[in-house]
Amino acid sequence: MERLYIYPDNLKSAPTLWLWRLKDMAIGGLLAVFGVAMLAQFGTLLFAAAAALYLFLTVCFDDACILDFLRKAGVYFIGKPQIYRWGTLGVKVHEKAKKKQKK
């Protein structure tokens, strides 16, 4: 009896189910269950809306999702501000030029 094994194209990629990574599907599912429970008990849609928003932001196409982009943009613009040193090299060159002119 010959067995057939099916492997994904990229073995290092995250496991997915439909359009979501399994981790995101589990988190979204737990948020959805909690949202339904909160809706039934207290009549609030806050957690159901959070689940819908999270699942929308984590839809993956070609191993990229909107939430990953937002995280990277937040780290780039807010988490690790860029350091620019304007004129550091130019000041030293300018001082050397002044010294040469004085001689």
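Everything below is about the structure shown above.
Residues numbered from 1 in each chain as written. Predicted model: local features only at pLDDT ≥ 70, side-chain atom pairs only at ≥ 80, totals over all residues. Heavy atoms only, no water.

A. Local environment of helix α1 (residues 22-42). The end-to-end C-alpha distance of α1, which contains 21 residues, comes to 29 Å, matching closely the 30 Å that a straight helix rising 1.5 Å per residue would cover. Listed as buried for α1 are Asp24, Gly28, Gly35 and Met38. One face of α1 carries all of its buried residues, which in axial projection span an arc of 85 degrees. In α1, the exposed residues that point more than 90 degrees away from the buried face are Leu30, Val33, Val36, Ala40 and Gln41. Against β2 (20-21) and α2 (46-57) lie the buried residues of α1. In the stretch just after α1, Gly43 is the one whose phi turns positive, near 75 degrees. (Helix = DSSP H or I, 4+ residues; strand = E, 2+ residues; numbered from the N terminus. Expected span 1.5 Å × (residues − 1). Buried < 20%, exposed > 50% of the residue type's maximum accessible area, 1.4 Å probe, protein only. Arc of directions from axis to C-beta. Contact = heavy atoms within 4.5 Å.)

B. Molecular detail of the pattern of salt bridges. Evaluation of the coordinates by the stated rule reveals four salt bridges. The residue Asp24 makes a salt bridge to Lys23 at a minimum N-O spacing of 3.7 Å. Look at Asp24 and you get buried, because its relative accessible area is 3%. Classification of Lys23 as partly exposed rests on a relative accessible area of 49%. With its nearest N and O atoms 3.6 Å apart, the salt bridge here joins Arg71 to Asp68. A residue pair is termed a helical-turn pair when its members lie 3 or 4 positions apart in one helix, as Arg71 and Asp68 do in helix α3 (residues 66-79) at three residues. Looking at Arg71, the relative accessible area reads 45%, which means it is partly exposed. Taken together, the shared-partner salt bridges connect Arg21, Lys23, Asp24, Asp68 and Arg71 into one network. (Salt bridge = Lys/Arg side-chain N within 4 Å of Asp/Glu carboxyl O.)

C. Region of interest: the packing of aromatic side chains. In total, this model carries two aromatic pairs according to the counting rule given. With a centroid separation of 4.7 Å and an interplanar angle of 80 degrees, the aromatic rings of Phe34 and Phe47 are classed as edge-to-face. Taken together, the residues span a long stretch of sequence, with Phe34 in helix α1 and Phe47 in helix α2 at a distance of 13 residues. Looking at Phe34, the relative accessible area reads 40%, which means it is partly exposed. The partly exposed category is assigned to Phe47, whose relative accessible area is 27%. (Phe/Tyr/Trp six-rings, centres within 6.5 Å; stacked < 30°, edge-to-face > 60°.)

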